[in-house]
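Read off the chains here:
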Amino acid sequence: MDRTMEPGHHRATWVGIAVVAVALLLRMWNLGQPAQTVFDESWYTFDAVAFLGGGAFRPPEPWVAIKDDSTPEHPPLGKWLIAAGTGPYSKPIGWRFPSMVFGVAGVLLVYLLALTLWRSPRWAGLAGLLVALDGVHIVQSRLAMLDIFMSTFVLGGVLCAVLEYQRRTGIPVPTVTRNRVFGSRYLLGSGVLLGAAVATKWTGLFILGPVIVLGLVSLAAPAPDEDGSTRQRALNVAVSLLVAPVAVYVASYAMFFVQHGPAVGEFVSLQAAMLHHQWIHSHVQVENSAPISWPLLAHPIRYAWDQAATREVVLVGNPLLWWGFLAALPLLVYRVARYRSWEVVVLGGYALLYGPWLVIPRTQFLFYMVPAVPFMALGLVAVLRSLPSPGARRLGVGTGVAAVLAAAAYAPVWLYLSVPVGWLRFLPLIPSH
């Protein structure tokens, strides 16, 4: 890993602004269309209105849960975030606005994570651009669903964990004041953000669990700026990576305790019922797909279709990123095994966020890959920058240009734009009607 930042901090700032501007344009454009709820938006917007006091009566659940919560199988934080843009008379652009904000923030976090790992605005900009131009990330950033919130919380938690590891190993990071209770703000930030990921969707545990393990392993040796005992460091890890995530998770259920009082037993029973439901859920529908098909983009999801206006919303990734990552994956695995490089963060993130779905038996959908998309972009860029120069830079530029061209071709089905019928037939990954 190159520890020397490329000349000019201003370059890093302007590259970051440019990447965020691209992400914002693609996620904000035509955000109010389709003008009706799409797929699971119908559930989560209902819940958001219910949380704000406008819910309608629904058949009672066998669980004790938040009143009028139509999706009690998911924790409530993501639904509260949707509620931030929702009201009894809200329009689609309102209930989708929080998702858009988190989608753009996710692109920024990819850029910052890549900059932290490689100290190169050029390569970090390419990683951020690939996520900014990816259809799966774009579409989910434009819908009032939960996965984009979880993805962004995970990225924030991983970035904080990387900064904490660099601090502990003597790599220069922004100055941080230590606290006797929670350690550094990076350690606490990682726990809080990953706790928020779990409080949005339980799949955040795929990352929180390994980060806790790494935190416990780190107790063996103090950081260069530490003089505390192992007991003190254990307290810091326990508070930041165990207590803080649990506190965030329980706090997301504040309305549950307001409605039911200190019903600890009922709360625990609810969690058990959620686990049982998530594990055995097997509702069959056309949007289902096997996880083995996801990296190939073999089963896109059509969310909306207006035949008269020849426009539709299709969840399909940017093939340059998805197929490019698959081509680069063997070399990425080799580099991690051979050099024990920082690419382990990238490969580990992808493996943890995608791998478990291969063995989980419940009904599954392509949009479960949203949190893995940033690590695919980081992985592809990690391999490109490891190649000999000047070929690496040329391939990097070519990859960016190809990603822009692919995004231009697929943008109409990501943004619900009217195009000639021939345009849709030209796109090879779009499912037939």
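See above for the structure.
Here's what I pulled together on the structure shown here. Please read these numbers as outputs of a predicted model, since none were measured by experiment.

Remarks on the nonpolar core
In this structure, Tyr303, Trp322, Phe367, Leu378, Tyr410 and Trp414 are the most contacted members of the largest nonpolar core, which totals 133 residues. With 11 residues, helix H4 (residues 92-118) is the largest single contributor of residues to this core.

Some remarks on the packing of H4 against helix H5 (residues 121-132)
It is at 8 Å that the axes of H4 and H5 come closest, and there the two elements cross at 150°. Judged by the angle between their axes, H4 and H5 are roughly antiparallel. As for the relative orientation of H4 and H5, their crossing is right-handed in sense. Residues Val107, Val110, Tyr111, Ala114, Leu115 and Trp118 of H4 form the contact with H5, whose participating residues are Pro121, Trp123, Ala124, Gly125, Ala127, Gly128, Val131 and Ala132. The class makeup of the residues in the contact of H4 with H5 is 12 nonpolar, two polar and no charged.

Considering unusual backbone geometry
The linkage connecting glutamine 33 with the following residue, proline 34, adopts the cis geometry, with an omega of 0°. As for its placement among the helices and strands, proline 34 is situated in the loop between helix H1 (9-28) and helix H2 (41-54). Cis geometry marks the peptide bond from serine 389 to proline 390, where omega comes out at 5°. Here proline 390 shows up in the loop between helix H15 (373-386) and helix H16 (391-415). Not every positive phi belongs to a glycine, and arginine 119 is a case in point at roughly 55°. Tracing the sequence through the fold places arginine 119 in the loop between H4 and H5. Given the relative accessible area of 11%, arginine 119 is considered buried. Even without being glycine, leucine 297 reaches a positive phi, approximately 55°. The topology assignment puts leucine 297 in the loop between helix H12 (264-280) and strand S1 (301-306). Its relative accessible area of 2% is what places leucine 297 among the buried residues.

Let's talk about the packing of H5 against H15
Put simply, H5 and H15 touch, their axes get as near as 9 Å, and they point 145° apart. When you trace H5 past H15, the crossing you get is right-handed. Between H5 and H15, the residues in contact are Trp123, Leu126, Ala127, Leu130 and Val131 and Val373, Pro374, Ala377, Leu378, Leu380, Val381, Leu384 and Arg385, respectively. Residue composition of the contact of H5 with H15, grouped by class: 12 nonpolar, no polar and one charged.

Calculation rules
- Residues numbered from 1 in each chain as written.
- Predicted model: local features only at pLDDT ≥ 70, side-chain atom pairs only at ≥ 80, totals over all residues.
- Heavy atoms only, no water.
- Core = buried A, V, L, I, M, F, W, Y, C linked by side-chain atoms within 4.5 Å.
- Buried < 20%, exposed > 50% of the residue type's maximum accessible area, 1.4 Å probe, protein only.
- Helix = DSSP H or I, 4+ residues; strand = E, 2+ residues; numbered from the N terminus.
- Axes fitted to C-alpha atoms, helices over the stretch in contact; angles between N-to-C directions.
- Parallel < 35°, antiparallel > 145°, perpendicular 65-115°, else oblique.
- Left-handed = near helix turned anticlockwise from the far one by under 90°.
- Contact = heavy atoms within 4.5 Å.
- Nonpolar A, V, L, I, M, F, W, Y, C, P; charged D, E, K, R; others polar.

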